[in-house]
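Summary of structural features
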Amino acid sequence: MPLDNSAHICTAAAVLTAAVCYQGWRILNKPESKRTATERSAAIVHGVTGLIGNTPLIRINSLSDATGCEILGKAEFLNPGGSSKDRIALYLIEQAEKSGQLVPHTDSCIFEGTSGSTGISLAMVARAKGYLCHIVMPSDQAIEKSQLLERHGATVERVAPCSIVDKNNFVNVARRRAAEYGADDKSGTRRGYFVNQFENPLNSDAHYRSTGPEIFQQTNGHIHAFVHGSGTGGTIAGVTHYLKQQVPGIMSFLADPQGSGLANKVNHGVMFAATEREGTRRRQQVDTLVEGVGLNRLTRNFANLLKPMQGDSKGKCMLDGAVSVSDRDAVRMSRWLMANDGLFIGSSGAINCVTALHVAHRLGPGHTIVTILADSGQRHLTKFWNDQAMVSLGHDVNAPATLDIFEQQ
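Read on for a plain summary of the structure. (Residues numbered from 1 in each chain as written. Predicted model: local features only at pLDDT ≥ 70, side-chain atom pairs only at ≥ 80, totals over all residues. Heavy atoms only, no water.)

Moving on: empty space enclosed by the protein. Take a probe with the size of a water molecule and roll it over the atoms, and the empty space left behind shows itself. Across all of its chains, the model carries 1 cavity of 30 Å³ or more by this definition. The volume enclosed by the largest cavity comes to roughly 460 Å³. What lines the largest cavity is a set of 35 residues, among which Ser115, Gly231, Glu291, Gly292 and Val293 lie closest to the centre. A total of 3 residues in the lining of the largest cavity trace back to one element, the largest contributor, which is helix 10 (residues 234–246). (1 Å grid on protein atoms, 1.4 Å probe; cavity = no way out; pocket = protein on both sides within 12 Å on 5 of 7 lines; lining within 4 Å. Points joined across faces, edges and corners; volume = space filled by probe spheres on them. Helix = DSSP H or I, 4+ residues; strand = E, 2+ residues; numbered from the N terminus.)

The sheet built from 6 strands is open, its strands ordered 1-2-10-7-8-9 with mixed pairing. Edge positions in the open sheet fall to strand 1 (57–59) and strand 9 (321–325), since each of these has one partner strand only. Direction aside, neighbouring strands of the sheet carry axes that sit 25 degrees apart on average. Here strand 8 (residues 251–257) runs beside strand 9; their pairing, made up of 5 bridges, is parallel. Each bridged residue has a counterpart across the sheet, and for Phe253 the counterpart in strand 9 is Gly321. Running over the sheet, helix 9 (residues 211–218) touches strand 1, strand 2 (70–75), strand 7 (225–228) and strand 10 (368–373) and is turned about 135 degrees from strand 2. (Pairing = 2+ DSSP bridges. Axes fitted to C-alpha atoms, helices over the stretch in contact; angles between N-to-C directions. Contact = heavy atoms within 4.5 Å.)

Let us look at the packing of helix 4 (residues 85–98) against helix 5 (residues 117–129). One way to put it is that helix 4 packs onto helix 5 with a least axis distance of 8 Å and a crossing angle of 50 degrees. For the element pair helix 4 / helix 5, the angle class is oblique. Relative to helix 5, helix 4 is oriented so that their crossing is right-handed. Contact residues: Lys85, Asp86, Ile88, Ala89, Leu90, Ile93, Glu94 and Glu97 in helix 4; Ser117, Thr118, Ser121, Leu122, Met124, Val125, Ala126 and Lys129 in helix 5. Classifying every residue of the contact of helix 4 with helix 5 by side-chain character gives 8 nonpolar, 3 polar and 5 charged. (Parallel < 35°, antiparallel > 145°, perpendicular 65-115°, else oblique. Left-handed = near helix turned anticlockwise from the far one by under 90°. Nonpolar A, V, L, I, M, F, W, Y, C, P; charged D, E, K, R; others polar.)

Moving on, we get to helix 5. An α-helical turn contains 3.6 residues, so any two residues separated by three or four positions project in the same direction. For helix 5, spanning 13 residues, the distance from its first C-alpha to its last is 18 Å, which sits close to the expected 18 Å at 1.5 Å a residue. Of all 13 residues in helix 5, 10 are buried, a share of seventy percent or more. Of all the positions in helix 5, only Ser117, Thr118, Gly119, Ile120, Ser121, Leu122, Ala123, Met124, Val125 and Ala126 are classed as buried. (Expected span 1.5 Å × (residues − 1). Buried < 20%, exposed > 50% of the residue type's maximum accessible area, 1.4 Å probe, protein only.)

Structure follows, in C-alpha cells:
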C-alpha cells in the first residue's frame with residue numbers, strides 16, 4: 001500500500017535529522033586542529049587553542065589587479081595570538097607533553113629566545129595549558145612586544161643584541177635559563193623546557209602538517225608559487241616541503257630583508273649581504289628595520305631547504321630563488337597596502353608582498369602566488385609603523401602613487 005504524503009514527509013524529516021546529527025557528531029569528534037574553517041564555525045572549540053589555524057586566504061586586490069596574477073595572502077594575523085607563531089607554540093608544547101618533557105600544572109616553565117611573536121604565542125598557549133613562560137628577547141625589538149608578553153603573564157628578559165656565538169645572545173640566555181630552572185627540584189616535576197625554535201625540526205613539521213595542507217585545500221591545488229621570508233626557517237621549510245609533494249612544478253621563493261645573507265646563499269651559494277661589508281654595519285644581527293626574519297647563519301630548519309627533495313634526480317634545492325628586499329621597499333609596500341587594500345600588516349608581511357610582486361612579474365599574468373601575512377602592524381607601532389622614526393631614517397612614509405616604484409630585480 002503506497003505511503004501517503006504525511007508519511008513521506010515524516011520519513012524525509014527523520015533522514016534529514018539523522019544526517020544533521022551525524023554531521024554534528026563527526027565535526028565534534030574531529031580534533032580541532034583538523035577541522036576546516038567551516039566546520040569550526042559550526043562547532044564549539046575548546047579554549048583559545050581551538051582558534052589556532054584555519055586562517056583565511058585573501059586576495060590582495062591591488063597587487064592582483066596590477067599584475068594579472070592572483071596574489072593571495074594567508075591572514076595569519078587572525079590567529080588568537082596575532083601571528084603565525086601560534087601554530088608552532090601549540091604544536092611544540094603538545095609534542096613536549098606527549099614525550100613527557102612537560103606536564104601541566106607542575107610549576108614547569110617554557111623558555112624561549114625570540115624577537116617577540118613566538119614569545120607572545122608561547123605565553124598565550126602556556127597560560128591556557130597551565131605553564132609558566134620566560135621569554136628572552138633582543139632589546140632593540142619594538143617595546144609593544146614586551147608589553148604584550150607581560151600582559152600574557154610571561155617573564156620578559158631583554159638583552160643586548162649580539163652574535164649567536166656569544167654566550168649572551170638571546171637564544172643562548174634562554175637555553176641557559178631553562179637548564180637552571182628546576183635544578184634544585186628533587187622530585188623532578190618542576191621542569192624548564194627550552195623550545196629552541198631555530199633548530200627544532202618540529203617547527204617546520206608544524207607547518208608541514210597545518211599551514212601547507214590548508215593552503216593546498218584553499219587553492220584546490222591551483223597554485224604556481226609560494227613566497228615567504230625566513231627567521232627560524234620553519235614556515236617556509238614546512239610549507240614548501242608539503243606543497244612540492246602535492247603540486248608538480250610549484251616554485252618557492254625566499255623573501256629576504258636587507259642585511260640578511262640568506263638570499264645570496266640561495267641565489268649564489270655564498271652567505272653574504274652587502275651591509276656586512278666592513279664599516280657599514282649599524283646593528284649586531286641583521287642590518288634591517290624588518291623584525292622576525294633575516295639571518296646571517298643557517299638554522300637547521302632552513303638548511304633542509306637547501307637539500308634536494310627525496311627522489312629528485314636533478315639534485316636541486318627546494319627553493320627556486322630569492323629576492324632581497326630593501327627597507328625602503330618594505331616601508332613603501334606597507335603604506336601601499338594600507339592605502340589601497342586597507343591591510344595593516346607588519347614588516348615581514350611587507351617584504352613578502354614585495355617579493356610576491358617580483359615573482360608575479362617574473363611568471364607573468366595568469367599565475368597564482370601565495371604568501372603569508374604573519375602579523376599585524378599593531379605590533380610595530382613604535383618602529384616600523386612610526387612615521388617619525390621612519391622619516392628620521394630617510395624613508396618616505398607616503399603611499400606610493402604606483403607600483404612601478406618598486407625596485408626591479
